[in-house]
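# Structural overview
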Amino acid sequence: MTALRAPLAAVTSGLDLQTSFTTTLQGIGLTPATAHLLWLPLPMLLVLVAAVVGVLVNVWLERKISAAVQQRIGPEYAGALGVLQPLADGLKLLFKEDIIPARADGLLFTLGPVLVLIPVILSWLVVPFGQHLLISDVGIGVFLWIALSSIQPIGLLMSGYASNNKYSLLGGLRAAAQSISYEIPLALAVLAVVMMSNSLSTIDIVNQQSGAGILSWNIWRQPVGFLIFWICALAECERLPFDLPEAEEELVAGYQTEYAGMKFALFYLGSYINLVLSALLVAVLYLGGWGFPIPVEWLAGALGQSVDAPVVQVITGSLGIVMTVLKAYLLVFIAILLRWTLPRVRIDQLLDLGWKFLLPIALVNLLVTAGLKLAFPAFFGG
Amino acid sequence: MTIASWTQWICFVALSAGVVIGSLGVVLLPNIVYSAFLLGGVFLSVAGLYLMLNASFVAAAQVLVYVGAVNVLILFAIMLVNKKETLAEIPGLPLRRLLSGGVCAGLFLLLLRVDVTTPWAVPGPSPVGNDATIRIGIHLFSDYLLPFELASVLLLMAMIGAIVLARRDVFTVDVITGEDVDQALIEKMRTPLLVETTPTQNPALEATR
């Protein structure tokens, strides 16, 4: 379950990393079982490293773009263009004193941030960077992500309660309420996409969009769903304009108020990993995932190359990773721009938007998608 | 034993221990907040057991519904209704505890007997893996349609009940106290922060003017 998906033999015989890794180890004299055991943690570690590096890039972008929005320069001295600034931030948090407030509940206080972070990292299980480049092609795919993201509010409630501080408790309650309210339109938007691709698997969803390059991406067939999903994803990540749980002017910093050092860093990491994850999933669900705007098969055909040739395969694979990351970071850029240009909504506006606007729209979107699927099966995945 | 079976065995033991110890904690801990959080842990462990039985859709649904909705709702209720209530002394508490303990022990022994006597190794239908989602959908909309619809009616009733309870303006008189119900927003402060002072009652303030 945890190994890179067993590739189709004929298609990627030259690029099966797992087989070549295990055969190399067996060449040294290890048993197949040991070689397999050594292989198992590698994809997971790779994804973990990718997620953390993604966060570092994200923090740097946040600083630079916010500076540009406010006509400042931003971090400049830590490395070229300040690229080492996120590392400095991380190290600072690492060396800070770990404080547990005197009347706080120590156990829950420690467990809260962990419970916030783990589901977010686990969700990377289903993010594909290429046809075979994901940790596990579980059949329930995006549903796993929706289910895992529903664990997060428990961690937020836990840290809000354990801090023994009214701002923290209010922030935790707000975070949980917001997360639950926006989960429903989010799931309905995903459901419309799933209905078109007849599968919950992220791989199948991307493959269904790969027919005619940019023209077959889901954003053209699901424009309303795309907007609903993006708004809900921002609300789930607690990004401005929906950062009510940590609204500085009202709640100090919400559930994070009492946290310092690595425990705070876990929240910080969790929120940024969640942002990158949401952007990746928007790219997968609506922007064709690893697909190039022009189908790679056409390009290879125009250049007179076979798609199955090893060199072409390497190029296609790298192009897939680059395209996924590019699309995701384009969305992250939009999210950062939104954060530094829009004011925060009020709590009643937030709930009105979620329950009275997005939910009915998402339901209508689902109905229209079902109708279109039955009426035009050729275009809407019959 | 191979790596896979070892992993399975360890996971099974850990998850079962999580279910048993967690549910004991839910019942026995005096702090209700701990109980609620432990309940979440129990639900997660059960989801893990489903996952081990190749029922990934059911596992994810279990997490989504029980952990993400039910447990969060319970926590909300506990944290919003922060009412310190002194419970009245119950007469004959030791006898009651003894009786309920006896009933529970008897039930436990009965279940143990069932566990030992029943031949469990019955070959079930072959696992369908990822097609299970489709199978569940087909069943829900064919032979289990009535229970499915009844459950939705139940949920609708619960929702209407919650709205009626939350919207106090449908009652003009409080059911319990018989007083007129304040029909303003809940956020509104019921009592003014500062005690209202009139100039006649406060000569000191008068003097400063």
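Think of each chain on its own: its residues are numbered from 1, step by step along the sequence as written. Written order determines the labels here, with chains lettered from A and ligands numbered from 1. It should be noted that, the model being predicted, local features are given only for residues of pLDDT at least 70 and side-chain atom pairs only at 80 or more, the latter also being counted only at that level, while totals for whole chains, interfaces and linings use all residues. The basis for every side-chain value is the complete set of non-hydrogen atoms in the structure, without hydrogens or water.

Another point: the overall build of chain A. Helix and strand labels come from DSSP, where a helix needs a run of H or I of at least four residues and a strand needs a run of E of at least two; each type is numbered from the N terminus. Scanning chain A from terminus to terminus reveals 16 helices and zero strands. For this measure, only C-alpha atoms enter the radius of gyration; the expected value for a globule follows 2.2 Å times N^0.38, where N is the number of residues. The C-alpha radius of gyration computed for chain A amounts to 22 Å, which stays within 12% of the reference 21 Å derived for 382 residues, consistent with globular compactness. Overall, chain A is about 65 × 60 × 45 Å in size when its C-alpha atoms are taken along their principal axes. Taking all 382 residues of chain A together, the buried fraction comes to 51%. Throughout, a residue-residue contact means that at least one pair of heavy atoms, one from each residue, lies within 4.5 Å. Within chain A, contacts between residues separated by at least 24 positions form 77% of all contacts whose residues are at least 6 apart in sequence. In the form shown here, chain A has an accessible surface area of approximately 17200 Å², with 73% of it arising from carbon and sulfur atoms. Throughout, exposure labels follow a simple rule: accessible area from a 1.4 Å probe, protein chains only, divided by the maximum for the residue type, with under 20% read as buried, over 50% as exposed, and the rest as partly exposed. Only the protein chains shown count as cover for residues, and the accessible areas themselves come from Shrake-Rupley with a 1.4 Å probe.

A water-sized probe, rolled over the atoms, reveals where empty space remains. All names here are of chain A. The way it works is a 1 Å grid over only the protein atoms, where trapped points that fit a 1.4 Å probe form a cavity and open points with protein on both sides within 12 Å along at least five of seven lines form a pocket, and then any residue with an atom within 4 Å of a point lines it. Grid points are joined across faces, edges and corners, and a volume is the space filled by probe spheres set on the points. Under the definition given, this model contains two cavities of 30 Å³ or more. In this structure, the largest cavity encloses a volume near 90 Å³. Contributing to the lining of the largest cavity are 13 residues, with Trp145, Ser149, Gln152, Glu236 and Asn274 lying nearest its centre. Within the residue set of the lining of the largest cavity, elements represented by two or more residues are helix 5 (106-122), helix 6 (141-149), helix 11 (223-236) and helix 13 (261-286). Three residue categories are used. Nonpolar comprises Ala, Val, Leu, Ile, Met, Phe, Trp, Tyr, Cys and Pro, charged comprises Asp, Glu, Lys and Arg, and polar comprises the others, including Gly. Taken together, the residues that form the lining of the largest cavity break down as seven nonpolar, five polar and one charged. For the lining of the second largest cavity, the elements supplying multiple residues, two or more each, are helix 7 (152-162) and helix 13. If you tally residues by element for the lining of the second largest cavity, the top one is helix 13, at four residues. For the lining of the second largest cavity, a count of residues per class yields five nonpolar, four polar and two charged.

Residue and element names in this part refer to chain A. Here, a salt bridge means any side-chain nitrogen of Lys or Arg that lies within 4 Å of a carboxyl oxygen of Asp or Glu. If you walk through the whole model with that rule in mind, you get six salt bridges over all chains. A salt bridge links Arg63 to Asp89; its shortest N-O distance comes to 2.8 Å. Of this pair, Arg63 sits in helix 3 (residues 41-69) while Asp89 is found in helix 4 (residues 85-95), placing the two residues 26 residues apart along the sequence. Judged by its relative accessible area of 31%, Arg63 is partly exposed. Across the pair Arg346 and Asp348 runs a salt bridge whose closest N-O atoms are separated by 3.0 Å.

With 22 residues of chain B at the interface, the matching set in chain A holds 23 residues. When chain B packs against chain A, close to 2100 Å² is buried across both sides, 85% of that on carbon and sulfur atoms. Viewed at the interface, chain A and chain B are joined by zero salt bridges. Counted as a polar contact is a pair of N or O atoms within 3.5 Å, where, for protein atoms, one must be capable of donating a hydrogen and the other of accepting one, and residues adjacent in sequence contribute only when both atoms are in side chains. Counting every contact that joins chain B to chain A gives one residue pair in polar contact (both at pLDDT 80 or more). Mapped by element, the contributors of at least two residues to the side of chain B that touches chain A are helix 2 (32-52) and helix 3 (56-80) of chain B. It is helix 3 of chain B that contributes the most residues to the side of chain B that touches chain A, 14 residues altogether. Of the residues contributing to the side of chain B that touches chain A, the split by class is 16 nonpolar, six polar and no charged. Buried area: the accessible area, evaluated with a 1.4 Å probe, that two parts lose upon being put together, summed over both parts.

Moving on to the environment of B:Leu51. Relative to the assigned elements, B:Leu51 resides in helix 2. Residues within four places of B:Leu51 in sequence aside, it is in contact with B:Ser56 and B:Ala59.

Within this scheme, the nonpolar core is defined by two criteria: the residues are buried Ala, Val, Leu, Ile, Met, Phe, Trp, Tyr or Cys, and they are joined through side-chain atoms within 4.5 Å. Among the nonpolar cores identified, the biggest contains 100 residues, and A:Trp124, A:Val142, A:Phe229, A:Leu285, A:Tyr286 and B:Phe37 are the most heavily contacted of them. Per-element tally for this core: the top contributor is helix 13 of chain A, with 13 residues. Not counting residues within four places of it along the chain, the set of residues in contact with A:Phe229 comprises A:Trp145, A:Leu186, A:Ala189, A:Val190, A:Ser278, A:Leu281, A:Val282, A:Leu285 and A:Tyr286. The next biggest cluster of nonpolar side chains, apart from the first, holds five residues, and it includes A:Leu134, A:Ile203, A:Val284 and A:Trp290.

Segmentation of chain B into domains returns domain 1 (1-82), domain 2 (128-167) and domain 3 (172-208). Taking only C-alpha atoms, the centre of domain 1 of chain B and the centre of domain 2 of chain B are 22 Å apart. Throughout the structure description, domain borders are defined by an automatic or database domain assignment.

Residues and elements named next belong to chain A. Note on aromatic pairs: the rings of Phe, Tyr and Trp (six-membered ring only in Trp) are paired at centre separations within 6.5 Å, and the planes decide the class, stacked below 30 degrees, edge-to-face beyond 60, tilted for the rest. For the structure shown, the criterion picks out 13 aromatic pairs over all chains. Taking 5.8 Å as the distance between ring centres and 40° as the angle between the ring planes, the aromatic pair formed by Trp145 and Phe229 counts as tilted. You can see Trp145 sitting in helix 6 and its partner Phe229 sitting in helix 11, a full 84 residues away along the chain. Residue Trp145 is classed as buried on the basis of its relative accessible area of 5%. The exposure class assigned to Phe229 is buried, which follows from its relative accessible area of 0%. Aromatic side chains Tyr259 and Phe267 sit 4.9 Å apart centroid to centroid with 90° between the ring planes, which places their arrangement in the edge-to-face category.

Most of helix 7 of chain A sits inside the fold, with ten of its eleven residues counted as buried. Turning to helix 7 of chain A, its buried residues number three or more, namely A:Gln152, A:Pro153, A:Ile154, A:Gly155, A:Leu156, A:Leu157, A:Met158, A:Ser159, A:Gly160 and A:Ala162. Contact partners of the buried residues in helix 7 of chain A: helix 5, helix 6, helix 8 (166-197) and helix 13 of chain A together with helix 2 and helix 3 of chain B. Immediately beyond the C-terminal end of helix 7 of chain A, within one or two residues, lies A:Asn164, with a positive phi of roughly 55°.

All names here are of chain A. The convention used is that axes are lines fitted to C-alpha atoms, helices contributing only their stretch in contact, and that angles between N-to-C directions extend from 0 to 180 degrees. Following both chains from N to C, one finds helix 6 and helix 8 inclined at 175°, their axes separated by 11 Å at the closest point. Considering the angle they form, helix 6 stands roughly antiparallel to helix 8. Residues Val142, Trp145, Ile146 and Ser149 of helix 6 lie in contact with helix 8, whose contacting residues are Glu183, Leu186, Ala187, Val190 and Val194. Split by residue class, the contact of helix 6 with helix 8 holds seven nonpolar, one polar and one charged. Here the word oblique covers every angle except those under 35 degrees (roughly parallel), over 145 (roughly antiparallel) and from 65 to 115 (roughly perpendicular).

Attention now goes to helix 4 (residues 93-117) of chain B. Each residue after the first adds 1.5 Å to the expected span of a helix. The first and last C-alpha atoms of helix 4 of chain B sit 36 Å apart over 25 residues, in line with the 36 Å expected at 1.5 Å per residue. In terms of burial, helix 4 of chain B is largely open, as just zero of its 25 residues are buried.

Now for a nonpolar patch on the surface. Residues and elements named next belong to chain A. A surface patch of nonpolar side chains, amounting to about 380 Å² of accessible area, comprises Val69, Leu330, Phe333, Ile334 and Leu337. The element that contributes the greatest number of residues to the nonpolar patch is helix 15 (residues 310-341), accounting for four residues. Along the chain, the position of Ile334 falls in helix 15. The partly exposed category is assigned to Ile334, whose relative accessible area is 35%. Patches were defined on residues exceeding 30% relative accessible area and lacking a salt bridge, with like-charge contacts within 9 Å and nonpolar side-chain contacts (Val, Leu, Ile, Met, Phe, Trp, Tyr) within 5 Å.

All names here are of chain B. Values of pLDDT, which run from 0 to 100, indicate the predictor's confidence residue by residue. Here chain B averages 79 in pLDDT, and 77% of its residues register 70 or above. Ranking the helices and strands of chain B by mean pLDDT puts helix 4 first, with 92, and helix 7 (residues 203-208) last, with 50. The low-confidence segment residues 183-191, where pLDDT is below 50, has four contacts with residues more than four positions distant or belonging to other chains.

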